[in-house]
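Structural overview for review
Below are the chains, spelled out letter by letter.
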2 protein chains.
Amino acid sequence: MERITATYYIETPFEVAKAAAVLAGEQSSGTFVAVPNETEELKQRFAARVESIEHLETVTEPAIPGANSKDGKYHRAIVKVSWSIENFGFNLPVMISTLQGNLYEITQFTGLKLMDIDLPESYGNHYSGAKFGIEGCRKLTNVYDRPLIGTIIKPSIGMSPEQTAEIVKTLAEAGIDFVKDDELMGSAANSSFENRLNAVMKVVNDCADKTGKKIMYAFNITGEVDEMQDRYEKIVNAGGTCAMISINSVGLSATKKICDNGALAIHAHRNGWGMMTRHPLLGIDFKAYQKIWRLAGVDQLHVNGIQNKFWETDDSVVNSIESLKTPFYQHKNILPVVSSGQWGGQAFETYRRTQTTDLLYMAGGGIMAHPMGAASGVTALQQAWKATVDGLTLEEARSQYVEFDKAAEKFGK
Amino acid sequence: MERITATYYIETPFEVAKAAAVLAGEQSSGTFVAVPNETEELKQRFAARVESIEHLETVTEPAIPGANSKDGKYHRAIVKVSWSIENFGFNLPVMISTLQGNLYEITQFTGLKLMDIDLPESYGNHYSGAKFGIEGCRKLTNVYDRPLIGTIIKPSIGMSPEQTAEIVKTLAEAGIDFVKDDELMGSAANSSFENRLNAVMKVVNDCADKTGKKIMYAFNITGEVDEMQDRYEKIVNAGGTCAMISINSVGLSATKKICDNGALAIHAHRNGWGMMTRHPLLGIDFKAYQKIWRLAGVDQLHVNGIQNKFWETDDSVVNSIESLKTPFYQHKNILPVVSSGQWGGQAFETYRRTQTTDLLYMAGGGIMAHPMGAASGVTALQQAWKATVDGLTLEEARSQYVEFDKAAEKFGK
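Residue positions are given per chain, counting from 1 as you read along its sequence in written order. To label them, take the chains in the order written and letter them from A, then take the ligands in the order written and number them from 1. At least 70 in pLDDT is required for a residue's local features to be given in this predicted model, at least 80 for side-chain atom pairs to be given and counted, and no such filter applies to totals for whole chains, interfaces and linings, which use all residues. For the side-chain quantities, the full set of heavy atoms in the structure was used; hydrogens and water were omitted.

As named in an unreviewed UniProt entry, chain A is Ribulose-bisphosphate carboxylase large chain, taken from Arcicella aurantiaca. UniProt positions are given in the numbering used here, feature names are shortened, and annotations may be inferred rather than shown by experiment. Recorded under Cofactor (unreviewed entry), the UniProt text for chain A is reproduced unchanged: "Mg(2+)". The Sequence similarities (unreviewed entry) field of the UniProt record for chain A holds the comment "Belongs to the RuBisCO large chain family."

In structure tokens:
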């Protein structure tokens, strides 16, 4: 029978093997005393199994509150645990309750992070994954051999639909590939979803009629299920190609339902992610996280950016991009969304470390606040990526491209 | 205009007021440079506002990774920030993206926990809250003046529908009020949802015909949206009264959609909660969390239990129960689900500290592994609660009640 294997980074004041056994017990039989119906046969079939333990360092301070150590020592280890897929079949939320769930409550751990999930072959057939993915998003925007260049409407909140459409027009004329609502913008008092959709799509469609290029606008449909479904259909009817969902705020089941429609590329915004991963010994690593959302069927997923304005290290960002580059069954690969404090200068390090242009490269202020205007902001980003793929250094790119040089002057340190 | 105010417990190596301003800026205009369309008028209307700062202790080690301190000091504070409801209206997922979202990414914080949310009056009218709540669950089970006594089918996973039904029969005959699937049990290879529903409801309905008391069985419908909806309807058609959802695994939007049906009491299992709250300076406190789920409309919500087997302190459990006791608009109050390592002995301390019997008091092994059998396990719990409300001590209850005495002998320390 196929099994699902989870890899945990754990810390415990107890013997690691004993703590691992508690984990496996809690997540299969799940009670603190033996009960009459738990036969040996049932255990064999349904019990979680500790597959391996790799001991790491021992420390003297617990990472998070839990049981006290009698000898003042806390042992770290990588532990692999497996479950038969007979336990829950094809049910992602129950899988999450099994692989995460009450695990984070166990007092025997003073640290627990889900690092990776190995999923069986049958999952690749049951779930179809991204409907568009990288290839579909490239086709929709007609961009090949370089990253899709995108921006976020700023200020995040407050502009009228007409002002938003005006900016989209400027950006579209400047040759941008992708524009998105901010995650804070759903339907605001002065910019209802419908009005914004209509104003923006008029510009997008007009521009497409003129130039043959339809920019991808990710309308933020984050909301209740029926509301999201309704807005999704409105986007389809208006000729749009993309919807954005704040996946952690909406949750897995509703996001999957929207993805299942299959008519729009789904831009998955991971805001709230910091809560789940920022502590090194609590929560979930992106490597595991992205698999869940690829099964759900999103087409684009945020990974932060090199030299970002947030807490995340470049190594962590690179690892996230590598996770998304890894093939996943026969599914379409999905587009890493690079953003946060980007202005083009980071293109060089991003390309050096990931060797890919299969990215949606987003700049907010980096485009909108370009000293020569938003159109030059777009040009500067295209220049940065052309330069880096051509093997130029940042300084060489500055001397060759005036818009990029002006961006570097304003945004570079 | 009405505002929503969030209270954060934060830690920062910077001046607290400056870090708070970054928080407010990120969650309204949201970019790292001034952009052309951000007028003073827009800022006044849509900008987040720092309402108050209460300085707490300064420490020398950061709680979680973030910006380094130049003087080796990290300042803790309680910070209140408010937003106009014009920013997102009645949209809980966008509210979460605003109040949490990218906040956890901000490098200026080396700790950030959402402690509470103050919601405006209009939210109480827009959202109807629990359809059943405490009063509805009491009516459905015909239990007044004491906690509802409940148990979880154990082993969590592996029993056939017939075995499950057999146990439910024993428990129902013993006078139990509530039984639930484990959160690990959705639809397993040897116990499909439909077969389990049919087998269990036959017993529940038969027993109700005989005794006039229909026990509440919480079938775990956790899954995709359509699957949950389908199973929900099957429960209704079979005469059931309750459905269980692992709310963190399913997510907010799908859970709300199921709650909106209004025909079944919704048992909200919070597995995965530890990840969000276990670190003292990361995530969200139960006080804020329960408000979101009360708006979504759940009827019963887990709070762990006094002297539980998990990491959580008794103080934290008591605070959670107090949060749920707090009135919330004109909405029905919801039932705190007390569980984890409970056997009846904790009834005394639970009542002493919370002074309420408006609880769903759950024991798994504490009932199923009672030395005189499951029926005596139920009796022992009823005895424990009667004794504590009557003012008896645990020892006095032991000498008065034989089943409780046997429970104490086996499970008490």
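Examining the relation of the copies chain A and chain B
For the least-squares superposition of copies, only C-alpha atoms count, and only for residues with pLDDT at least 70 in both. Of the transformation placing chain A onto chain B, the axial shift is 0.0 Å and the rotation is 180 degrees, giving an RMSD of 0.0 Å. Overall, the copies show the geometry of a two-fold rotation axis. The rotation axis passes nearest to the C-alpha of glycine 251 of chain A in chain A, at a distance of 1.8 Å. Throughout, a contact is declared for two residues whenever any of their heavy atoms are within 4.5 Å. Looking at chain A, 100% of its interface residues are interface residues in chain B too, so the copies touch through the same face.

A short note on the pattern of salt bridges
Residue and element names in this part refer to chain A. A pairing counts as a salt bridge when a side-chain nitrogen of Lys or Arg comes within 4 Å of a carboxyl oxygen of Asp or Glu. Using the criterion set out here, one finds 55 salt bridges over all chains in the structure. Notably, a salt bridge pairs arginine 146 with aspartate 177, separated by 2.8 Å at the nearest N-O pair. In this pair, arginine 146 is assigned in the loop between α5 (133-141) and β5 (148-152) and aspartate 177 in the loop between α6 (161-173) and β6 (178-180), connecting sequence segments 31 residues apart. Each residue is assigned to one of three classes by its accessible area relative to the maximum for its type, calculated with a 1.4 Å probe on protein chains only: buried under 20%, partly exposed between the two thresholds, exposed over 50%. We classify arginine 146 as partly exposed; its relative accessible area is 23%. For aspartate 177, a relative accessible area of 0% gives the class buried. One salt bridge connects arginine 353 with aspartate 315, and the closest N-O pair in it is separated by 2.7 Å. You can see arginine 353 sitting in helix α14 (residues 347-354) and its partner aspartate 315 sitting in helix α13 (residues 314-325), a full 38 residues away along the chain. Judged by relative accessible area, arginine 353 falls into the partly exposed class, the value being 27%. One continuous salt-bridge network, built from bridges that share partners, spans Arg3, Arg49 and Glu51. For the purposes of this entry, the term helix denotes a DSSP run of H or I that reaches at least four residues, the term strand denotes a run of E that reaches at least two, and both are numbered from the N terminus.

A short note on the packing of helix α12 (residues 286-296) of chain B against helix α13 (residues 314-325) of chain B
Residues and elements named next belong to chain B. Only the contacting stretch of a helix is used when fitting its axis, a line to C-alpha atoms as for every element, and angles between N-to-C directions run 0 to 180 degrees. Packing of α12 against α13 brings their axes to within 9 Å, and their N-to-C directions diverge by 35 degrees. As α12 runs across α13, the sense of the crossing is right-handed. Touching Phe286, Lys287, Gln290 and Arg294 of α12 are Ser320, Ser323 and Leu324, all from α13. The hand of a helix crossing depends on one turn: near helix anticlockwise from the far one by less than a right angle means left-handed, and clockwise means right-handed.

Here's the deal with the interface of chain A and chain B
At the interface, 96 residues of chain A touch 96 residues of chain B. Summed over both partners, the accessible area (1.4 Å probe) lost when two parts come together is defined as the buried area. For chain A, the biggest contributors to the area lost against chain B are Glu105, Met275 and Arg278 of chain A; these three give 11% of the whole. With a shortest N-O distance of 3.2 Å, glutamate 224 of chain A and lysine 256 of chain B are connected by a salt bridge. The greatest single-element share of the side of chain A that touches chain B, amounting to six residues, is contributed by helix α10 (residues 252-261) of chain A.

Concerning the sheet that holds strand β9 (residues 265-269) of chain B
Residues and elements named next belong to chain B. If you walk around this closed barrel you meet the eight strands as β5-β6-β7-β8-β9-β11-β12-β13, and the pairing is parallel. Geometrically, the sheet is characterised by an average inter-axis angle of 25 degrees between neighbouring strands, direction not taken into account. Of the pairings in the sheet, the one linking strand β7 (residues 216-220) to strand β8 (residues 242-246) comprises three bridges and is parallel in character. Paired with alanine 218 across the bridge in β8 is cysteine 242. Paired strands, as defined in this entry, are two strands with at least two bridges between them according to DSSP.

Observations concerning the domain arrangement of chain A
All names here are of chain A. What counts as a domain boundary in this text is fixed by an automatic or database domain assignment. According to the domain assignment, chain A contains domain 1 (3-126) and domain 2 (133-411). The gap between the C-alpha centroids of domain 1 and domain 2 is 36 Å. Both faces considered, domain 1 and domain 2 share a buried interface measuring about 1900 Å² in area, 64% of it formed by carbon and sulfur atoms. Applying the counting rule to domain 1 against domain 2 returns one salt bridge. Between aspartate 116 and lysine 291 there is a salt bridge, with its nearest N and O atoms 2.9 Å apart.

Things to note about the UniProt feature "domain: Ribulose bisphosphate carboxylase large subunit C-terminal" (unreviewed entry) in chain A
Taking the UniProt record as the reference, the feature "domain: Ribulose bisphosphate carboxylase large subunit C-terminal" (unreviewed entry) is found at residues 133-410 of chain A. Along residues 133-410 of chain A the backbone is 50% helical and 13% strand, and the end-to-end C-alpha distance reaches 34 Å.

Structural notes on the pairing of strand β12 (residues 335-338) of chain B
Residue and element names in this part refer to chain B. Neither face of β12 is open: one carries Leu335 and Val337, the other Pro336 and Val338, and all of them are buried. Summarising the sheet, strand β11 (residues 300-302) and β12 pair through three bridges and their orientation is parallel. Paired with histidine 302 across the two strands is valine 337, which belongs to β12. With its strands directed away from the observer, a crossover is right-handed exactly when the path from the first strand over the helix to the second travels clockwise. Assessed by its sense of winding, the connection that carries the chain from β11 through α13 to β12 is right-handed.

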